[in-house]
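# Breakdown of the fold
Next come the chains, spelled out residue by residue.
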Amino acid sequence: PGSATRARRVDVAAPLSRRRFAASATRGARCGASEGEETVASDAATTTAASGAPSAARRKRVLSGVQPTGSIHLGNYFGAIKNYVKLQEDYDAFYCVVDLHAITAGGHDPTALEASTRTSAAIYLAAGVSPEKANVFVQSHVPAHSELCWLLNCVAPIGWLEKMIQFKEKARKAGEEVSVGLLDYPVLMAADILLYKADLVPVGEDQRQHLELTRDIAGRVNSLYGGKKWKKRKGKAPSGRSRGGDVLMVPEAFTPKEGGRVMSLTDGTAKMSKSNPAEGSRINVLDTPDEIAKKLKRCKTDAFEGLEFGNPERPEANNLLTMYQLCTGLTQEEVLAECGSMRWGDFKPHLTDAVIAHLSPIQGRYKEIMDEPGYLEDVLKRGAENANEVANLTLRDVRDAMGFVQY
């Protein structure tokens, strides 16, 4: 590739309007890389996402997303979004706001969904996800998600879905009012992942069962419609690859060693969650300093002397120390040297200062993004354009393998 396809660096110190222009040029330069999607099954040269330079094989790809329900909290941030920033340096990254998943339970508030979708995307960017290095988009802006979900529905046995722990727990509470979406959303999650031929899928420990289901569904599609059955029909698949082999790529899970599960402020054995009705159970990324201080002042602790990591009898101590470690970037040894002998009354203000200091620059960037007319819309539009290009290639191959007529 010549200079026309060389990615342009975005000056992060420049006004957002200038950054939007630079990012747009970069995204446009990267669109050509998606045309070589068939390199999933070959060694043909492609264009890397960050530099536009040719590589021997396609860059490994990562796919992840967060639901725009409620407010994004520290559990989402440390367990997912902060890892997005690291992974975008080495992977062809696709990060989506999964708005279709947000309506799973039914009866959602349309106004709240629209607002939280924008807020979630803006937090991605404020936390350090770069439009120059990653594709940021809204799930419903890529129709292939819904279509592939239906095709996978017709392959996946219902017994597989009924075994999902989250479905069984929520269905028990909802009774006859439980929605079909709640049963089926793991299949939509499988479609999300499989569309992008993701090599790596960051998931929390509670989502590992759904990732395993995705792997099972992909294997079933490959067994039913791929391999020799597909090859016998000869010719090329729509993506340009030869028919035969696996139709869908089987992904691998990635669970971060630290911060994979940030726990509740009111129960150190339960994960921090948007669905918890107690607002004091979580710290939201956009909470004010006063709100953060109030929640940490009231959070659950224990009656032990001193502070320590890893004691199963002290889940709150482990959780709050981990939160401090993640906000400061210190090692466990450094945290204990600094705070191990503290009482809770001394440590809580210390932790409060660390959380506020960590979130303050993110909140500042968030405000800048939301105040810049058209910036967020431009990022999401370009992310969706690239996502559609990649997703449609996969979808067309699946249609072809399953025998659908296409033009």
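Residues numbered from 1 in each chain as written. Predicted model: local features only at pLDDT ≥ 70, side-chain atom pairs only at ≥ 80, totals over all residues. Heavy atoms only, no water.

## Considerations on the pairing of strand 4 (residues 92–97)
Moving residue by residue along a regular strand, the side chains alternate between the two faces of the sheet. Here is the rule we go by: Throughout, exposure labels follow a simple rule: accessible area from a 1.4 Å probe, protein chains only, divided by the maximum for the residue type, with under 20% read as buried, over 50% as exposed, and the rest as partly exposed. A run of H or I in DSSP becomes a helix once it reaches four residues, and a run of E becomes a strand once it reaches two; helices and strands are each numbered from the N terminus. Strands were regarded as paired on the criterion that DSSP finds at least two bridges between them.
Taken across its six residues, strand 4 has six buried, putting it largely inside the fold. A two-sided burial pattern is seen for strand 4, the buried positions comprising Asp-92, Phe-94 and Cys-96 on one face and Ala-93, Tyr-95 and Val-97 on the other. In this structure, strand 3 (residues 61–66) lies alongside strand 4, joined through six bridges in parallel fashion. Directly across from Val-66, in strand 4, lies its bridge partner Val-97.

## Things to note about the pairing of strand 5 (residues 134–138)
Buried residues dominate strand 5, accounting for five of its five residues. Here strand 5 shows no split at all, with Ala-134, Val-136 and Val-138 on one side and Asn-135 and Phe-137 on the other all buried. The pairing of strand 4 with strand 5 spans five bridges and is parallel. Counted as the bridge partner of Val-97 is Val-138 from strand 5.

## Looking at the confidence of the model for the protein
Rules: pLDDT gives the predictor's per-residue confidence on a scale running from 0 to 100. Between two residues, a contact is recorded if the distance between any of their heavy atoms is within 4.5 Å.
On average, residues of the protein score 85 in pLDDT, and 84% of them are at 70 or above. Every residue in residues 1–14 scores below 50 in pLDDT, and together they form 28 contacts with partners more than four places removed in sequence or on other chains. Considering only residues more than four positions removed or in separate chains, one finds that residues 17–56, a stretch of pLDDT under 50, has 92 contacts.

## Quick word on a positive patch on the surface
The condition is simple: Residues qualify for a patch when their relative accessible area is over 30% and they have no salt bridge, like charges being joined within 9 Å and the nonpolar side chains of Val, Leu, Ile, Met, Phe, Trp and Tyr within 5 Å. In this description, accessible areas are obtained by the Shrake-Rupley approach with a 1.4 Å probe, and a residue is regarded as covered only by the protein chains that are shown. A pairing counts as a salt bridge when a side-chain nitrogen of Lys or Arg comes within 4 Å of a carboxyl oxygen of Asp or Glu. Only four residue types enter the charge count: Lys and Arg as positive, Asp and Glu as negative, with His and the chain ends excluded. Where a charge lies is defined by one atom per residue type, namely NZ (Lys), CZ (Arg), CG (Asp) and CD (Glu).
A cluster of like positive charges, contributed by Lys-163, Lys-168, Lys-170, Arg-172 and Lys-173, occupies part of the molecular surface. Along the polypeptide, Lys-168 turns up in helix 6 (residues 165–174).

## Quick look at the pattern of salt bridges
For the structure shown, the criterion picks out 17 salt bridges. Note that Arg-243 is salt-bridged to Asp-400, the shortest N-O span being 2.7 Å. With a gap of 157 residues between them, Arg-243 in the loop between helix 9 (227–231) and strand 7 (252–254) and Asp-400 in helix 14 (residues 375–402) connect regions that are remote in the sequence. Neither residue differs from the other here; Arg-243 and Asp-400 are each classed as buried. Through salt bridges with shared partners, a single ionic network connects Glu-279, Arg-282, Asp-287 and Lys-295.

## What about helix 6?
Rules: Working note: the arc is built from the helix axis to C-beta atom directions.
Of the residues making up helix 6, those classed as buried are Gln-166, Phe-167 and Ala-171. Projection of helix 6 onto a plane perpendicular to its axis shows the buried side chains occupying an angular sector of 120°, all on one side. In this structure, helix 6 carries Arg-172 and Lys-173 as exposed residues pointing more than 90 degrees from its buried face. Close packing links the buried residues of helix 6 with helix 5 (158–162), helix 7 (180–195) and helix 8 (208–225). Following helix 6 by one or two positions, Gly-175 adopts a phi angle in the positive range, close to 65°.

## Focus on the packing of aromatic side chains
To keep it simple, the criterion reads: Pairing of aromatic side chains requires ring centres within 6.5 Å, counting the rings of Phe and Tyr and the six-membered ring of Trp. Pairs whose planes differ by under 30 degrees are stacked, by over 60 edge-to-face, and all others tilted.
Applying the stated criterion to the full structure yields eight aromatic pairs. A centroid spacing of 5.8 Å and a plane angle of 45° characterise the contact between Phe-137 and Tyr-196, whose relative ring orientation is tilted. Of this pair, Phe-137 sits in strand 5 while Tyr-196 sits in the loop between helix 7 and strand 6 (200–202), placing them 59 residues apart in sequence. Assessed through its relative accessible area of 0%, Tyr-196 is described here as buried. With centroids separated by 5.8 Å and ring planes inclined at 65°, the aromatic side chains of Tyr-324 and Phe-347 adopt a geometry described as edge-to-face. With a gap of 23 residues between them, Tyr-324 in helix 11 (residues 315–328) and Phe-347 in helix 13 (residues 344–371) connect regions that are remote in the sequence. Judged on exposure class, the residue Tyr-324 and its partner Phe-347 are both buried. Through a chain of ring-to-ring contacts, the aromatic side chains of Tyr-84, Tyr-95 and Tyr-124 assemble into a single cluster.

## Let's talk about the packing of helix 11 against helix 13
In plain terms, the rule: An axis is simply a line fitted to the C-alpha atoms; with a helix, the fit covers only the stretch in contact. Between two such axes, the angle follows the N-to-C directions and lies from 0 to 180 degrees. Here is the rule for handedness: rotate from the far helix to the near one, and if that takes an anticlockwise turn smaller than a right angle the crossing is left-handed, while a clockwise turn gives right-handed. Three categories are distinguished: nonpolar for Ala, Val, Leu, Ile, Met, Phe, Trp, Tyr, Cys and Pro, charged for Asp, Glu, Lys and Arg, and polar for the others, with Gly belonging to the last.
Close contact between helix 11 and helix 13 brings their axes to 9 Å; oriented N to C, the two are set at 35°. Relative to helix 13, the crossing made by helix 11 is left-handed. Together, Glu-316, Ala-317, Leu-320, Leu-321, Met-323, Tyr-324, Leu-326, Cys-327 and Thr-328 of helix 11 and Trp-344, Phe-347, His-350, Leu-351, Ala-354, Val-355 and His-358 of helix 13 make up the contact between the two elements. Tallied by class, residues from the contact of helix 11 with helix 13 come to twelve nonpolar, three polar and one charged.

## Description of the state of the cysteines
Spelled out, the test is: Disulfides are defined as pairs of cysteine sulfur atoms found within 2.5 Å of each other.
For the structure on display, the rule yields zero disulfides. For the unlinked cysteine Cys-149, the closest cysteine sulfur is that of Cys-154, found at 9.6 Å. With a relative accessible area of 8%, Cys-149 lands in the buried category.

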